Amino acid sequence: MTDRQRLPRLTHPVSNEDIGRLMQAIPFARLLGVTATNDESGRVIAHMPYADHLIGNPRLPALHGGTIGAFLEMTAIAQLVANMAEPGIPKTIDITVDYLRSGRPRDTFAKAIVAKHGRRIANVRIEAWQDDPTRPIATAHGHFMLPEGGEAAAPPGNDEG
Amino acid sequence: MSEDNGEEPAKVIGELIGKNKHLLLSAVPFAMAVGMEVVEVGPARATLSLPWREDLVGNPETGVLHGGIVTALIDNACGTAVICALTRMTSVATLDLRIDYLRPATPGQTVFVDAECYHKTRSIAFIRALAHHGDCGDAIAHSVATFMLGANQTGPSRQIAEKVGQ
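Given the structure is predicted, the values throughout are model-derived calculations rather than measurements. (Residues numbered from 1 in each chain as written. Chains lettered and ligands numbered in written order. Predicted model: local features only at pLDDT ≥ 70, side-chain atom pairs only at ≥ 80, totals over all residues. Heavy atoms only, no water.)

Asker: Got a minute to help me understand the sheet that holds strand β2 (residues 45–50) of chain B in this structure?
Answerer: In sheet architecture, strand pairing relies on hydrogen bonds along the backbone and comes in two forms, parallel and antiparallel. The antiparallel open sheet is built from 12 strands, whose spatial order is β1(A)-β2(A)-β6(A)-β7(A)-β8(A)-β5(A)-β5(B)-β8(B)-β7(B)-β6(B)-β2(B)-β1(B). One side of each edge strand has no neighbouring strand; the edge strands of this open sheet are β1 (35–38) of chain A together with β1 (37–42) of chain B. Strand-to-strand twist of the sheet, defined as the mean angle between neighbouring strand axes without regard to direction, takes the value 20°. Summarising the sheet, strand β5 (residues 92–101) of chain B and strand β8 (residues 141–149) of chain B pair through nine bridges and their orientation is antiparallel. The partner of B:V92 across the bridge, within β8(B), is B:L149. Each of β1 and β2 (44–48) of chain A touches helix α1 (residues 16–25) of chain A; the most contacted strand, β1(A), lies at about 160° to it. Sheet contacts for helix α4 (residues 67–84) of chain B: β1, β2, β5, β6 (111–120), β7 (124–132) and β8 of chain B; angle to β5(B), the most-contacted strand, approximately 135°. (Pairing = 2+ DSSP bridges. Helix = DSSP H or I, 4+ residues; strand = E, 2+ residues; numbered from the N terminus. Axes fitted to C-alpha atoms, helices over the stretch in contact; angles between N-to-C directions. Contact = heavy atoms within 4.5 Å.)

Asker: Honestly, the nonpolar core in this entry has me stumped. Any pointers?
Answerer: As a rule of thumb, soluble globular proteins bury nonpolar side chains together. Within the largest apolar cluster, 103 residues are counted, with the highest numbers of intra-cluster contacts made by A:F28, A:L32, A:V124, B:F30, B:M36, B:I69 and B:I74. If sequence neighbours within four positions are ignored, B:I69 has contacts with A:F28, B:F30, B:V34, B:L50 and B:L56. (Core = buried A, V, L, I, M, F, W, Y, C linked by side-chain atoms within 4.5 Å. Buried < 20%, exposed > 50% of the residue type's maximum accessible area, 1.4 Å probe, protein only.)

Asker: In this structure, what is going on with the packing of α1(A) against helix α3 (residues 65–83) of chain A? I would like to understand it.
Answerer: Helix-helix packing: each pair is described by the crossing angle between the helix axes and the interaxial distance. All names here are of chain A. The interhelical angle for the contact between α1 and α3, taken along N-to-C directions, is 135°, at an axis separation of 11 Å. Here α3 runs oblique to α1, going by the angle between their axes. Seen along the crossing, α1 lies across α3 with a hand that is right-handed. Where α1 abuts α3, its residues I19, L22 and M23 lie against M74, A78, V81 and A82. (Parallel < 35°, antiparallel > 145°, perpendicular 65-115°, else oblique. Left-handed = near helix turned anticlockwise from the far one by under 90°.)

Asker: Just to check I follow, could you spell out the interface of chain B and chain A for this structure?
Answerer: Reports of interface size often rely on the accessible area that becomes lost once the parts have come together. Chain B puts 42 residues into the contact, and the matching count from chain A is 38 residues. Here chain B meets chain A over a buried area of about 3300 Å², counting both sides, of which 58% is carbon and sulfur. Summed over the three residues of chain B that lose the most area to chain A, namely B:F30, B:P60 and B:E61, the buried surface amounts to 20% of that side. Applying the counting rule to chain B against chain A returns one salt bridge. The partner of B:R98 in a salt bridge is A:D94, with the nearest N and O atoms 3.8 Å apart. Counting across the interface, chain B meets chain A through 12 residue pairs in polar contact (both at pLDDT 80 or more). Every element with two or more residues in the side of chain B that touches chain A is listed here: α3 (29–34), β3 (57–59), α4 and β5 of chain B. In the sheet, strand β5 (residues 91–99) of chain A pairs with β5(B) via five bridges, with the strands oriented antiparallel. Pairing of A:T96 across the sheet is with B:R98, part of β5(B). (Buried area = accessible area lost by both parts, 1.4 Å probe. Salt bridge = Lys/Arg side-chain N within 4 Å of Asp/Glu carboxyl O. Polar contact = N/O pair within 3.5 Å; in protein donor to acceptor, adjacent residues only side chain to side chain.)

Asker: What is the right way to look at α3(A) in this model?
Answerer: For the α-helix, the turn length of 3.6 residues means that residues three or four positions removed from each other point alike. Between the first and last C-alpha of α3(A) there are 28 Å, a value that for 19 residues agrees with the 27 Å anticipated at 1.5 Å per step. For α3(A), the tally of buried residues reaches 19 of 19 residues, placing the bulk of the element in the interior. (Expected span 1.5 Å × (residues − 1).)

Structural measurements only, silent on function.
If you want it as structure tokens, here you go:
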């Protein structure tokens with residue numbers, strides 16, 4: 001193991017660059033090629049560009065279900081971090097992924113809706129799509145344990161669809 | 001397995017694949033890219049492993065693996081267990097996957113996932129799986145999943161079908 005890196009300091013409101021730097025600081029996000037942007041309303045949109053190593057079934061071809069599940073989980077974490085008062089990484093307690101369509105070999109996007117951002121636990125719904133945001137390829141919902149200081153920084157502007 | 005027409009029950013891929021078990025993963029680019037391996041297979045069950053790697057880390061401050069890579073390993077182990085429960089090579093697709101993370105994976109340690117396809121109908125397979133570091137009593141994650149059988153015309157590997165004599 002190499003020396004442990006620090007996570008980038010984030011200040012509120014969390015900027016586009018901050019969310020980008022956070023994703024860059026997560027090794028597995030780099031492996032999947034996941035990036036994220038943060039719009040004015042605080043909504044994070046995550047992007048997983050197509051790469052050959054993300055394929056699970058080369059005969060279709062289709063993205064590996066695990067890459068989609070991991071991408072959904074990352075999107076939830078990025079959205080929570082964008083909402084949190086202090087930097088840190090929430091821990092997944094549970095996640096349930098529903099696969100609706102096979103992931104085609106093209107770019108995938110995702111957004112997360114924080115149904116409840118409590119003091120210790122957050123409940124998040126996530127949706128991933130490719131060409132058409134109204135035709136999701138997978139949805140998920142999960143619970144996340146928030147780190148110390150992980151309560152919402154401000155009334156989250158993303159608690160509605 | 002559920003058929004009983006007086007004939008010898010047909011053997012499932014988990015029994016037939018034998019020393020060709022590596023084929024269950026070698027046709028899966030993502031599994032190869034992250035270093036998954038088939039440890040053991042049997043009728044309707046599979047054990048996969050994933051050695052710790054720096055580029056699979058979720059929290060750079062602790063070195064703990066990303067939950068998502070554990071999800072991917074569980075998903076793949078469940079799919080492999082389903083294939084091992086089939087008598088004929090068919091395509092399988094995840095319908096849903098629920099994972100409870102019981103504790104963080106220990107940095108530097110290999111993750112194993114034991115998956116078992118405990119029930120199967122003509123179109124759906126039901127699977128449970130446990131992720132651990134070698135001691136099932138100290139699990140990292142517990143999972144239940146459902147998979148669809150024959151979801152599409154193209155199977156994951158014709159090579160496997162050939163190796164099991166189909």
